[in-house]
Amino acid sequence: MNPAKIFALERLIATAIGAPAVKIRSRQSCSGGCIHHADIVELDNGSRYFVKSSEDAAEMFAREVDGLQAFTDAGILRVPLVLTYGQLDNNCDCLVLEAVDTGSATNSFWEVFGRGLAEVHQRVTAQNFGWPHDNFIGSNLQRNAPTNDWVQFFAEQRLGYQLHLARQKAVGSRELFKVTERLISRLGKWIAHPVDPPSLLHGDLWSGNYLVDDRGAPAIFDPAVYFGRREADLAMTMLFGGFPESFFAAYDEFWPLEAGWQERVKIYQLYHLLNHLNMFGSGYLDSCLEVARRFAG
């Protein structure tokens, strides 16, 4: 971050906290995912903030703020508080969040986490699937036009849209398109039940999108929120590992899952595998094909 951007960030933070001016005393690069640059900045008064910055990311940051606010309003699982977001120059946008201090997990960490997610899913619901506007899953657009038909929603705005992107990006294969389209035509056989209400979903809950805070409790971030079937959220927690059995046991104890959920989540994982194919290329093709073939019949 060059001096001009640092000065712009200082002005942005000063405006947000109602101070005439602030001075950034130190700045340390940190992990911020595969899309944005991330820093922890400390002001001369000791306040610390997490800053994500990227070119032409204004809409992406606005949608992230919207998702974080949804979980803040739920008041069940911790999310970083949003300070502000805006431009550092004509090409660079930034998002400024609370810097969550980290610590060691308590013995009950995974039980608290699993129970907390189940409580969000059970208590924060809507009439329709989707969200008031589109947002992002990684760097790709996530379609969210509201509907009361879950099978149609997942067919068109999840799997179907990812296939559309794959064709645009010239990734995938003829077989992938063929078997996934066949799976889409049979989705009702697999995901029409159980008939859970549309729940608030994190949307991208993998091991890179949570941390252990200084109280030893879970904090989640980088949401791709929408209202959907809760099994779709659990699918991502199981895709890349990192969530132990105690997490799922605590979830199931708070709000029991219906028989067959471990099989259904594999279909929901296909959405994320296709998204990774579209972001990172052919290394995900075999995984996509494996799932599509399994359910296409």
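Residues numbered from 1 in each chain as written. Predicted model: local features only at pLDDT ≥ 70, side-chain atom pairs only at ≥ 80, totals over all residues. Heavy atoms only, no water.

> Explain the sheet that holds strand 2 (residues 37–43) to me, and be specific about the residues and the numbers.
In spatial order, the strands read 1-2-3-5-4; together these 5 strands make up an open sheet with antiparallel pairing. Both outer strands of the open sheet, strand 1 (24–29) and strand 4 (82–87), are each paired with one neighbouring strand and no more. Going from strand to strand, the sheet's axes swing by 25° on average, the running direction of each strand aside. Pairing of strand 1 with strand 2 involves 5 bridges; the strand directions are antiparallel. Of the residues in strand 2, the one forming a bridge with isoleucine 24 is leucine 43. Helix 2 (residues 58–74) contacts strand 3 (48–55), strand 4 and strand 5 (92–98) of the sheet and is inclined by roughly 20° relative to strand 5. (Pairing = 2+ DSSP bridges. Helix = DSSP H or I, 4+ residues; strand = E, 2+ residues; numbered from the N terminus. Axes fitted to C-alpha atoms, helices over the stretch in contact; angles between N-to-C directions. Contact = heavy atoms within 4.5 Å.)

> So what's going on with the state of the cysteines? Which residues, and what values?
For the structure shown, the criterion picks out 0 disulfides. Not engaged in a disulfide, the cysteine cysteine 92 finds its nearest cysteine sulfur in cysteine 94; these two sulfurs lie 7.0 Å apart. (Disulfide = S-S within 2.5 Å.)

> Talk me through the pairing of strand 2; I want residue IDs and the actual numbers.
Among the 7 residues of strand 2, 5 are classified as buried, and the element is accordingly described as predominantly covered. Examined bridge by bridge, strand 2 and strand 3 share 6 bridges and lie antiparallel to one another. Residue isoleucine 40 lies in a different strand from strand 3, and its bridge partner there is phenylalanine 50. The loop that links strand 2 with its antiparallel partner strand 3 comprises 4 residues; one of these, glycine 46, has a positive phi angle of about 95°. (Buried < 20%, exposed > 50% of the residue type's maximum accessible area, 1.4 Å probe, protein only.)

> So, unusual backbone geometry: which residues are in play, and what are the values?
For the bond running from histidine 193 to proline 194, omega is 5°, close enough to zero to count as cis. Phi at alanine 170 takes a positive value of approximately 60°, unusual for a residue other than glycine. For alanine 170, the location among the structural elements is in the loop between helix 4 (150–169) and helix 5 (174–185). Residue classification places alanine 170 among the exposed residues on the basis of a relative accessible area of 71%.

> Give me the nonpolar core: which residues, what numbers.
Grouped together as the largest cluster of nonpolar side chains are 76 residues, with contacts concentrated most on Phe113, Trp150 and Phe154. Setting aside residues no more than four positions away along its own chain, phenylalanine 154 makes contact with Leu159, Gly160, Leu187, Ile191, Ile267, Tyr268 and Tyr271. By size, the runner-up hydrophobic cluster in this structure holds 15 residues, among which are Ala14, Leu88, Cys94 and Val96. (Core = buried A, V, L, I, M, F, W, Y, C linked by side-chain atoms within 4.5 Å.)

> Explain the environment of phenylalanine 221 residue by residue, including any values.
Within the fold, phenylalanine 221 resides in the loop between strand 10 (218–220) and strand 11 (226–228). The class of phenylalanine 221 is buried, set by a relative accessible area of 18%. Measuring from C-alpha to C-alpha, the distance between phenylalanine 221 and histidine 202 comes to 8.5 Å, with 19 residues separating the pair along the chain. The contacts of phenylalanine 221, once residues within four sequence positions are left out, are Leu68, Pro80, His202, Gly208, Asn209, Tyr210 and Leu211.

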